[in-house]
Amino acid sequence: MLQLKNIGLLSTYNSTTGSFENIKNCNIDIENDIIIDIGENNNNGDHMIDCNQKLVTPGFVDAHTHPVFKNGREKEFIQRISGKSYEEIAAKGGGINSSIEEVRESTEIELLDHVKKRMDEFLSMGTTTIEAKTGYGLDTESELKSLRVLDHVHNNHKIDIFPTFLGAHSIPDEFNGDSNAYVDLLCNEMIPAVSEQGIAKFCDVFCEEGYFDLKESRKILKTAIEYDLVPRIHADEFSNIGGSKLASEVKAISADHLMEISDEDIELLSNSDTIAILLPGTTFFLGKEKYAPARKLIDRGVHIAIASDFNPGSCHIKSMPFIIGLSCIYLGLSVKEALKATTWSAACAINEEERIGSIELGKKADLIIWDLDTIEQIPYNITSPPIRNVIKNGDPLISLD
Ligand SMILES: [Zn+2]
């Protein structure tokens, strides 16, 4: 048994009471990878970690990332800061197209190497579970290869990865803008092959002007549902072409981005089980001004989660503490709301809330031991709130020996 003793403050959402909870002066007992006791009792563990009266929270769940690419796109970042827009760079063959070329040419081993390193960084910043999308292969073999990479890293890395098939990320160049033909390939070949491979849990689509329109997005997600993939959707990011409407229509587990969501669509989401995943890092990284209307969404009763949107183009940010900081500054969230949105609600957004996302008896021991006293100090130390240790599946990242 592992015991975390002398915890000054344990801060977590509690799914039984439905509220945020602060417990002072306690211990957590962990058997294998499960939390078996939280309290003042002083059981003797085989291994002890003295938390020195500091803060303990659940590990972060990042419910929206795109980590399967080869190299970074810092050259494009330079073009953007010199005044070119993301859309202009993409139109000139940069952007996502350059990542696609590299993924298609890379071996599985080369990709593995890059993805593993990224996961090391995620974990060191307290992210213990991650949703990860493909979408830089965009042909059947390269998408299946990307999913195999995610599966391999999931099985050989401490971090847990929940893979999403995002073949509908963009229309690859060889289709010369013939989106119908690519949607046919997606529905008739790629989705059946992904389902047969059995790694992906979710299917996502980029429902946006110049990418996949409403009709195409509906066809892709309905096909995915037939093949037992859970639908999720990039909706209302640059324009509102009906993405979040479609999310509630097909009962998507999440509708993500939502900078351009209308009042009417907020109403639809509030009457659905779809979770709104907000990605403030993208607005920030693109130097834009319009953030998702988080307060309005919360006030109308929409369940929101917050994620990083880590990807090589529009948001090269892995740090969930930094994303929490942005959520407090630009989305108007309280620190408690931001912490709930990056742990419990994010776990709901990948269907894993029974196992992770909060510190409760019977749940997996995915925890962060901070060198901080309160949760308010997380966004206050926005670039590098100090972490003493991360516990993943009951196993400390920084070894006790
Ligand atoms: Zn995305």
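What you see is a predicted model; the values in this text were computed from it and never measured.

**Student:** I tried to follow the state of the cysteines on my own but got confused; where do I start?
**Tutor:** A covalent bond between the sulfur atoms of two cysteines is referred to as a disulfide. Inspection of every chain in the model, using the stated rule, returns zero disulfides. Cys-328 takes part in no disulfide bond, and the closest cysteine sulfur to it belongs to Cys-315, at a distance of 16 Å. Free of any disulfide, Cys-348 has its nearest cysteine sulfur in Cys-328, 19 Å distant.

**Student:** What should I look at first to understand the packing of helix H5 (residues 140-156) against helix H6 (residues 179-197) in this one?
**Tutor:** A pair of packed helices can be characterised by two numbers: the angle between their axes and the separation between those axes. Contact geometry for H5 and H6: axes closest at 10 Å, N-to-C directions at 30°. With respect to H6, the axis of H5 lies roughly parallel. In terms of crossing hand, the pair formed by H5 and H6 is right-handed. Of the residues in H6, those touching H5 at Thr-140, Glu-143, Leu-144, Leu-147 and Arg-148 are Glu-189, Met-190, Ala-193, Val-194 and Gln-197. When grouped by side-chain class, the residues that make up the contact of H5 with H6 number five nonpolar, two polar and three charged.

**Student:** Hey, could you run me through the coordination of the zinc ion in this one?
**Tutor:** Within the protein, the atoms that donate to the zinc ion are His-64 (NE2), His-66 (NE2), His-234 (NE2) and Asp-309 (OD), at distances of 2.0 to 2.7 Å. In this structure, the zinc ion is coordinated by four donor atoms arranged in irregular fashion, with angles at the metal of 78 to 165°. Of note, the zinc ion draws all its donor residues from one chain, in the sequence arrangement H-x1-H-x167-H-x74-D. Taken together, the positions of His-234 in strand S10 (residues 230-235) and Asp-309 in the loop between strand S13 (304-306) and helix H12 (320-330) put the pair 75 residues apart, joining distant regions of the chain. Accessibility classification places His-234 together with Asp-309 in one group, the buried group.

**Student:** Just to check I follow, could you spell out the domain arrangement of the chain for this structure?
**Tutor:** Quoted interface sizes are often the accessible area lost when the parts come together. By domain assignment, the chain separates into domain 1 (2-59 + 358-396) and domain 2 (60-348). Taking only C-alpha atoms into account, the centre of domain 1 sits 29 Å from that of domain 2. With 26 residues of domain 1 at the contact, the number on the domain 2 side is 24 residues. Summed over both sides, the interface between domain 1 and domain 2 buries roughly 2000 Å², with carbon and sulfur atoms accounting for 74% of that surface. The largest per-residue losses of area from domain 1 upon contact with domain 2 belong to Tyr-13, Ile-382 and Lys-392, which jointly make up 28% of the total buried on that side. At the junction of domain 1 and domain 2, the tally comes to three salt bridges. The salt bridge involving Lys-158 is made with Asp-395; its shortest N-O contact spans 3.7 Å. For the interface between domain 1 and domain 2, the tally reads four residue pairs in polar contact (both at pLDDT 80 or more).

**Student:** What exactly am I supposed to notice about the pairing of strand S11 (residues 254-257) here?
**Tutor:** Every regular strand shows the same layout, with side chains that alternate between the two sheet faces. In this structure, S10 lies alongside S11, joined through four bridges in parallel fashion. Directly across from Arg-232, in S11, lies its bridge partner Ser-254. Of the pairings in the sheet, the one linking S11 to strand S12 (residues 275-278) comprises three bridges and is parallel in character. When the bridges of S12 are listed, Asp-256 appears paired with Ile-277. Read from S11 through helix H9 (residues 263-270) to S12, the crossover connection turns out right-handed.

**Student:** Would you take a moment to explain the packing of aromatic side chains for this structure?
**Tutor:** The geometry of an aromatic ring pair is captured by the separation of the ring centres together with the interplanar angle, meaning the angle of the planes. Enumeration according to the criterion identifies 12 aromatic pairs in this entry. Here Phe-60 and Trp-370 contribute two aromatic rings whose centre-to-centre distance is 6.1 Å and whose plane-to-plane angle is 70°, an arrangement assigned as edge-to-face. In this pair, Phe-60 sits in strand S6 (residues 60-62) while Trp-370 sits in strand S14 (residues 367-370), placing the two residues 310 residues apart along the sequence. Take Trp-370: its relative accessible area is 0%, and that puts it in the buried class. Relative to Tyr-136, the ring of Phe-69 lies with its centre 6.2 Å away and its plane at 80°, an arrangement referred to as edge-to-face.

Thresholds, definitions, all that
Residues numbered from 1 in each chain as written. Predicted model: local features only at pLDDT ≥ 70, side-chain atom pairs only at ≥ 80, totals over all residues. Heavy atoms only, no water. Disulfide = S-S within 2.5 Å. Axes fitted to C-alpha atoms, helices over the stretch in contact; angles between N-to-C directions. Helix = DSSP H or I, 4+ residues; strand = E, 2+ residues; numbered from the N terminus. Parallel < 35°, antiparallel > 145°, perpendicular 65-115°, else oblique. Left-handed = near helix turned anticlockwise from the far one by under 90°. Contact = heavy atoms within 4.5 Å. Nonpolar A, V, L, I, M, F, W, Y, C, P; charged D, E, K, R; others polar. Donors = N, O, S within 2.8 Å, 3.2 Å for Na, K, Ca; no water. Tetrahedral: all angles 85-135°; square planar, octahedral: opposite > 155°, others 65-115°. Buried < 20%, exposed > 50% of the residue type's maximum accessible area, 1.4 Å probe, protein only. Domains from an automatic or database assignment. Buried area = accessible area lost by both parts, 1.4 Å probe. Salt bridge = Lys/Arg side-chain N within 4 Å of Asp/Glu carboxyl O. Polar contact = N/O pair within 3.5 Å; in protein donor to acceptor, adjacent residues only side chain to side chain. Pairing = 2+ DSSP bridges. Right-handed = clockwise from strand over helix to strand, strands pointing away. Phe/Tyr/Trp six-rings, centres within 6.5 Å; stacked < 30°, edge-to-face > 60°.

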